[in-house]
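Spelled out from the first residue to the last, the chains are:
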Amino acid sequence: MREFTYTKAADAAEAVRLAAAGARYLGGGTNLVDLMREEIERPTALVDVSGLAQGITEHPDGSVEIGAATRNTAVAAHPRIRRDYPVLARAIVSGASGQIRNAATVGGNLLQRTRCPYFYDVAARCNKREPGSGCDARQGFHRTHAVLATSAHCIATHPSDMCVALVALDAQVHILGPAGARVVAVADLYRDPGETPHLETVLGPAELITAVRLPRAVDGAVSTYRKVRDRTSYAFALVSVAAVLRVVDATVADVRIALGGVASRPWRARVAERELLGAPAEPDTFKRAAEAEFRSARPLPDNAFKVSLAPRVVADVLKGLSG
Amino acid sequence: MAHEGISTAEVTVRVNGQSRSADIDTRTSLLDLLRDRFRLTGTKWGCNQGGCGACTVLVDDQRTLSCLMLAVQADGREVTTIEGLGDAAALHRLQEAFIAHDGFQCGYCTAGQICSGVALAGEAAAGVPSVVTQDLRAETVELSVEEIRERMSGNLCRCGAHNGIVAAVSEVYGS
């Protein structure tokens, strides 16, 4: 690990000032410390924001604001989250291990780096780690990689479970930067890889995620999260599905679907949603809509199974929610 | 132990009820602070990348991977290691259960397993759900064998003593 200076931020404004002078933000450290040890990340200064906003605030308009330094466990355990946003509680406890969820912050979870093995292997070519060096995943082991919105330069996935639920819930991130505060939908936080896979989010220099806001839960809707992985626990997703569904008179009145393990970002399944809205809430409709989402998929030999697996999981999750 | 050109910091941590301080290189992990500076070698250095759970300790009563936590982030906090849970003269009841159920072979993962087991009981009592919890609204979660298996999944045992580990945790904290 390279040397770095360490400062514990007293508040968000101080953190942004230090970051503007070159420091990197440190949350729970579960991803960044590991990457620093591998010298994939080489910050010379860290500003610790893990002691900042940790509260969960219930607003009068029915929305819920989660401080960015709230630990993953605290979010999943909060009675309001468990009652009104089960998809979020279930997504969080689907990820990592109890120990890691106790340390990992919400902001850090949003900004975690890919788990592509070629990103971690400094002897391999990786456009995300060394822009312009090439991508060894395309010709290598890529059964866990992305099939949607990939580019010739990168096929890595975003590894989070929590973020998939946040996208399905239309959550927003609150951001503080040198130029002031702004709000961005979680769905718009990430960039597709294109020719610049090392640029992963729309955050500008020194911008800090200060909170995540969940809009009021959809009245009468049910939601859940399902993760398909190589082993039962403590593994990243092959495919995961977050879904929020409201059925009225056997018709889909409201539906939000997001997918993990299939793209460089938590993927909002808008094609499927358009097909479903107003359609009969039945298995055939679910299957056709889910398959439509993957018409644009560009799989490689070893991850082509995701193009048939993911629609089946989506259809089954919707069937479970509607039944 | 400051070296010229190396970023250092002074940390004070309450370890097993005792306040301890050290001047450290900022790169020091909590694991290395405990083992190398405080000579508390019960906590084990396994994968050093958050994959195995051998380094699990309690930080403010929360189970935490000490290999992924910078020691500077533990400043001012309360850390409990296996040495603080029990000793040969007065074993923790989970340690006794590990012996009774053959919850280990080589013993390398055991300190982490026991810290994890002690903490998961507190999490379930506080209503923290797991991926196998059916009723998300329950105020407390009953620790079935399935719940214990899931909640212990961050602690690997290369000897394969998992059945004994689950039996031990189940005897002490199970439903």
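What you are looking at is a predicted structure, and each value in this text was computed from that prediction instead of being measured. (Residues numbered from 1 in each chain as written. Chains lettered and ligands numbered in written order. Predicted model: local features only at pLDDT ≥ 70, side-chain atom pairs only at ≥ 80, totals over all residues.)

Novice: Which parts of the structure should I look at to understand the overall build of chain B?
Specialist: A count of helices and strands for chain B gives six helices and five strands. Compactness check: chain B gives a C-alpha radius of gyration of 17 Å against a globular reference of 16 Å for 175 residues, within 12% of the reference. Taken over 175 residues, chain B has a buried fraction of 49%. (Helix = DSSP H or I, 4+ residues; strand = E, 2+ residues; numbered from the N terminus. Rg over C-alpha atoms; globule rule 2.2 N^0.38 Å. Buried ≥ 20, exposed ≤ 12 C-beta atoms within 10 Å, placed from the backbone.)

Novice: Would you mind showing me how to read the sheet that holds strand S1 (residues 5-8) of chain A here?
Specialist: Strand pairing in a sheet relies on backbone hydrogen bonds, with the paired strands running either antiparallel or parallel. Residues and elements named next belong to chain A. Ordered in space as S1-S3-S2, the three strands form an open sheet in which the pairing is parallel. The sheet is open, and its two borders are formed by S1 and strand S2 (24-26), each paired with just one other strand. Taken pair by pair, the neighbouring strands of this sheet meet at an average axis angle of 30°, ignoring direction. Examined bridge by bridge, S1 and strand S3 (residues 45-48) share four bridges and lie parallel to one another. Directly across from Tyr 6, in S3, lies its bridge partner Leu 46. Its contacts with the sheet put helix H1 (residues 12-20) on S1, S2 and S3, and the angle it makes with S3 is roughly 170°. (Pairing = 2+ DSSP bridges. Axes fitted to C-alpha atoms, helices over the stretch in contact; angles between N-to-C directions. Contact = placed C-beta atoms within 7 Å.)

Novice: Teacher, can you tell me more about the interface of chain A and chain B here?
Specialist: Interfaces are often described in size by the accessible area the parts lose on coming together. Counting residues at the interface gives 29 residues for chain A, matched by 33 residues for chain B. Of all elements in the fold, only S1, helix H2 (32-37), helix H3 (72-77), helix H4 (79-84), helix H5 (86-94) and helix H6 (98-103) of chain A reach the threshold of two or more residues within the side of chain A that touches chain B. A breakdown of the residues in the side of chain A that touches chain B according to their chemical character gives twelve nonpolar, eleven polar and six charged. (Nonpolar A, V, L, I, M, F, W, Y, C, P; charged D, E, K, R; others polar.)

Novice: Looking at this structure, how should I read the sheet that holds strand S4 (residues 62-65) of chain B?
Specialist: All names here are of chain B. Spatially, five strands are ordered S2-S1-S5-S3-S4 in an open sheet, and the strand pairing comes out mixed. Edge strands, defined here as strands with exactly one partner in the open sheet, are strand S2 (18-25) and S4. Within the sheet, the average angular offset between the axes of one strand and its neighbour, ignoring direction, is 40°. Pairing geometry for strand S3 (residues 56-59) and S4, over four bridges, is antiparallel. Bridged to Val 59 within S4 is Gln 62.

Novice: Teacher, can you tell me more about the UniProt feature "domain: FAD-binding PCMH-type" (unreviewed entry) in chain A here?
Specialist: Under the local residue numbering, the UniProt record ascribes the feature "domain: FAD-binding PCMH-type" (unreviewed entry) to residues 1-219 of chain A. Across residues 1-219 of chain A one finds 26% helix and 17% strand; the C-alpha atoms that close the span lie 50 Å apart. (UniProt positions renumbered as here; feature names shortened; annotations may be inferred.)

Novice: Mind showing me how you'd approach the packing of helix H3 (residues 93-100) of chain B against helix H4 (residues 110-125) of chain B here?
Specialist: Two packed helices can be described by the angle between their axes and the distance between those axes. Residue and element names in this part refer to chain B. Across the interface, H3 lies against H4 with an axial gap of 10 Å and an inter-helix angle of 125°. Taken as axis vectors, H3 and H4 run oblique relative to one another. In this structure, H3 meets H4 at a crossing whose hand is right-handed. Contacts between H3 and H4 involve Leu 94, Gln 95 and Phe 98 on the former and, on the latter, Thr 110, Ile 114, Gly 117 and Val 118. Grouping the amino acids of the contact of H3 with H4 by side-chain chemistry returns four nonpolar, three polar and no charged. (Parallel < 35°, antiparallel > 145°, perpendicular 65-115°, else oblique. Left-handed = near helix turned anticlockwise from the far one by under 90°.)

Novice: I tried to follow the nonpolar core on my own but got confused; where do I start?
Specialist: Nonpolar side chains in soluble globular proteins tend to end up buried together. If you look at the biggest cluster of nonpolar residues, it comprises 159 residues, and the most contacted ones within it are A:Ala15, A:Leu88, A:Ala165, A:Ala168 and A:Val314. Setting aside residues up to four positions removed in sequence, A:Val314 forms contacts with A:Val241, A:Ile257, A:Ala272, A:Phe286 and A:Ala290. (Core = buried A, V, L, I, M, F, W, Y, C linked by C-beta atoms within 7 Å.)

Novice: Is there a simple way to explain the environment of B:Leu70 in this structure?
Specialist: As for its placement among the helices and strands, B:Leu70 is situated in the loop between S4 and strand S5 (78-80). Look at B:Leu70 and you get buried, because 27 C-beta atoms sit within 10 Å. Linking B:Leu70 and B:Ser175, residues 105 residues apart in sequence, is a C-alpha distance of 36 Å. When neighbours within four sequence positions are excluded, B:Leu70 is seen to be in contact with A:Gly29, A:Val33 and B:Ser29.

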